Amino acid sequence: MSSVRTPDPNPGWLSDIALDETRSRVPILYVEAVPARVDALGQIEQVGVLLRGSATTGELSRTIVSGRVMHGESVRDALLRNLEKDLGPTAFPQLPAAVVPFTVAEYFPLPGVTPLHDPRQHAVALVYLVPVTGECNPRQDALELTWLTPAELLDPSVLADMEGGRGQLLKQALAWAGALP
């Protein structure tokens with residue numbers, strides 16, 4: 001099955017074969033973002049979740065913006081690049097002057113070690129809640145973006161549909177922002 005991933009703008013970083021080899025030996029650093037629509041007071045009105053199809057299993061699942069930090073790239077630049085990659089160039093993310101994650105997530109290839117699981121690798125992700133003000137148009141590997149209220153997001157069926165246990169991260173994002181219903 002061919003890949004539906006968004007092509008890397010810097011394909012010289014690692015080939016797919018080298019990346020698979022590295023993933024099998026070294027934890028990889030990622031940034032993840034929970035896109036949010038906020039009101040004038042900064043209160044969360046909606047959270048965006050992406051629908052993706054797996055190139056390996058063909059299954060559909062929900063997820064958040066996610067991507068690795070490339071060699072020589074700042075965390076801020078990686079966050080902006082991955083937001084644009086997943087949400088489109090007119091999403092207009094609003095990053096604060098000091099980019100501080102609301103949590104650090106650790107994914108293991110073996111299920112059950114933590115609530116978060118990635119069968120490809122051991123990964124560490126800096127996770128951010130990012131207000132977006134523009135038009136979001138998911139790109140290539142994302143089939144759609146759905147905006148949900150905090151109450152809708154906490155529906156057990158929605159949380160269970162989140163890829164790799166990311167429903168846990170959504171609950172943490174809402175708690176961190178004081179947006180739990």
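Everything below is about the structure printed above this text.
Keep in mind the model is a prediction, meaning the values are calculated, not measured. (Residues numbered from 1 in each chain as written. Predicted model: local features only at pLDDT ≥ 70, side-chain atom pairs only at ≥ 80, totals over all residues. Heavy atoms only, no water.)

(A) Quick peek at the overall build of the chain. Of regular secondary structure, the chain possesses five helices and seven strands. By the compact-globule yardstick of 16 Å for 181 residues, the chain fits well, its C-alpha radius of gyration being 16 Å. Taking the principal axes of the C-alpha coordinates as reference, the chain spans close to 45 × 35 × 30 Å. Residue pairs in contact within the chain that sit at least 24 positions apart in sequence constitute 67% of those at least 6 positions apart. When the accessible area of the chain is evaluated, it comes to approximately 9400 Å², of which 57% is carbon and sulfur surface. Charge separation in the chain, taken as the distance between the mean sites of 14 positive and 21 negative side-chain charges, equals 4 Å. (Helix = DSSP H or I, 4+ residues; strand = E, 2+ residues; numbered from the N terminus. Rg over C-alpha atoms; globule rule 2.2 N^0.38 Å. Contact = heavy atoms within 4.5 Å. Areas by Shrake-Rupley, 256 points an atom, 1.4 Å probe, with all protein chains shown as cover. Lys, Arg positive; Asp, Glu negative; His and termini not counted. Charge placed at Lys NZ, Arg CZ, Asp CG, Glu CD.)

(B) Structural detail: the pattern of salt bridges. What the rule picks out here adds up to eight salt bridges. Put simply, Arg52 and Asp86 hold a salt bridge, and the shortest N to O gap is 2.8 Å. Within this pair, whereas Arg52 is found in strand β2 (residues 44-53), its partner Asp86 is found in helix α2 (residues 75-87), the two being separated by 34 residues in sequence. Asp86 shares its class with Arg52; the two are buried. Among the ionic pairs, Glu144 bridges to Arg62, the shortest N-O distance being 3.1 Å. On the criterion of sequence distance, the pair formed by Glu144 in strand β7 (residues 142-148) and Arg62 in strand β3 (residues 60-63) is long-range, its members being 82 residues apart. What you see here is one network of salt bridges that share partners, running through Arg52, Lys85, Asp86 and Asp141. (Salt bridge = Lys/Arg side-chain N within 4 Å of Asp/Glu carboxyl O. Buried < 20%, exposed > 50% of the residue type's maximum accessible area, 1.4 Å probe, protein only.)

(C) Geometry of the pairing of β2. The element β2 is extensively covered by neighbouring structure, given that seven of its ten residues are classed as buried. Bridge count between strand β1 (residues 28-38) and β2: three bridges; the pairing is antiparallel. Across the sheet, residue Ala36 finds its bridge partner in β2, namely Val47. (Pairing = 2+ DSSP bridges.)

(D) Main features of the environment of Gly42. Along the chain, Gly42 turns up in the loop between β1 and β2. Residue Gly42 is classed as partly exposed on the basis of its relative accessible area of 46%. For the pair Gly42 and Asp86, spaced 44 residues apart in the sequence, the C-alpha separation amounts to 23 Å.

Honestly, that's just the spatial picture; any functional story needs more than this.
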